[in-house]
Amino acid sequence: MNSLIRSTARCMRSGAAACLLRPADGLVRAASARFLCAAADLQKDLGEMVKKDKVVVFMKGTPAQPMCGFSNAVVQILRMHGVDQYASYNVLEDQELREGVKVFSNWPTIPQVYFNGEFVGGCDILLQMHQNGDLVDELKKLGIRSALLDAEKESK
């Protein structure tokens, strides 16, 4: 307990606004108030960004020019279902956004897809939903009729 008090005092004397204890090694890490506030602001902003549109995608590149195969797959799946109106954010343009969205969702990879502010998953999850038909149902909940339903009718 005394070592914790000494470490905290040492941290506070260093001018840090917060101290983060790492139990594994027992070392105290200092973090500036500016860094913690910026991270908190980003998380708040991300919360607003994912709620702003029915469908939101954080991806590498843009829908017109995806910069990785997984991002391209998400764009193609959405396109097959006729989902053309969605917000997309290019994480390659902003390193803080790229890392922040991973923390926000607790998901380590990009792309990330959100429906009505709720995290759906990445490329693998969206592909699985597409393959098993769940994506049609989820889009319907958003008020979006999947273009695959119309294509199915035309083929009959």
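Residues numbered from 1 in each chain as written. Predicted model: local features only at pLDDT ≥ 70, side-chain atom pairs only at ≥ 80, totals over all residues. Heavy atoms only, no water.

Caption draft 1: The overall build of the protein, seen in detail. For the protein, the helix and strand inventory stands at seven helices and six strands. Sorting the 156 residues of the protein into buried and exposed places 33% on the buried side. Long-range pairs, those at least 24 residues apart, make up 51% of the contacts in the protein with a sequence separation of at least 6. A total of about 9,800 Å² of accessible surface is found on the protein, and carbon and sulfur atoms cover 53% of it. (Helix = DSSP H or I, 4+ residues; strand = E, 2+ residues; numbered from the N terminus. Buried < 20%, exposed > 50% of the residue type's maximum accessible area, 1.4 Å probe, protein only. Contact = heavy atoms within 4.5 Å. Areas by Shrake-Rupley, 256 points an atom, 1.4 Å probe, with all protein chains shown as cover.)

Caption draft 2: Spotlight on the environment of D94. Note on placement: D94 falls in the loop between β4 (87-90) and α4 (95-105). Within the structure, the side chain of D94 is placed 3.0 Å from the backbone nitrogen of E96, a separation counted as a polar contact. (Polar contact = N/O pair within 3.5 Å; in protein donor to acceptor, adjacent residues only side chain to side chain.)

Caption draft 3: Fine view of the pairing of strand β3 (residues 55-59). When you tally the buried positions in β3, you get five out of five residues, the bulk of the element. Along β3, one buried face is formed by V55, V57 and M59 and the opposite face, lined by V56 and F58, is buried too. Pairing between β3 and strand β5 (residues 112-115): four bridges, direction antiparallel. Residue pairing in the sheet places V55 in a bridge with F115 of β5. (Pairing = 2+ DSSP bridges.)

Caption draft 4: A look at the nonpolar core. Formed by 19 residues in total, the largest nonpolar core has its most connected members in V55, V57, L78, F115 and L126. With 13 residues, the next largest nonpolar core counts V50, V56, L97 and V101 among its residues. (Core = buried A, V, L, I, M, F, W, Y, C linked by side-chain atoms within 4.5 Å.)

Caption draft 5: Inspection of the pairing of β4 at higher detail. Direction of pairing for β3 relative to β4: parallel, over a ladder of four bridges. Each residue of the ladder has a partner; that of V57, found in β4, is S88. Crossover handedness for the path β3 to helix α3 (residues 69-80) to β4: right-handed. (Right-handed = clockwise from strand over helix to strand, strands pointing away.)

Caption draft 6: Molecular detail of the pattern of salt bridges. Under the definition given, this model contains three salt bridges. Here R145 makes a salt bridge to D150, at a shortest N to O gap of 3.0 Å. (Salt bridge = Lys/Arg side-chain N within 4 Å of Asp/Glu carboxyl O.)

Caption draft 7: Broad picture of the packing of aromatic side chains. A complete count under the given rule lists five aromatic pairs for this structure. For the pair F104 and Y114, a centre-to-centre distance of 6.1 Å together with 45 degrees between the ring planes defines the contact as tilted. A residue pair is termed long-range when its members are at least 10 positions apart, and F104 in helix α4 and Y114 in strand β5 qualify at 10 residues. Among the residues examined, F104 registers a relative accessible area of 28% and is labelled partly exposed. Classification of Y114 as buried rests on a relative accessible area of 1%. Here a set of aromatic residues connected by ring pairs shows up, and it is made of F58, Y89, F104, W107, Y114 and F119. (Phe/Tyr/Trp six-rings, centres within 6.5 Å; stacked < 30°, edge-to-face > 60°.)

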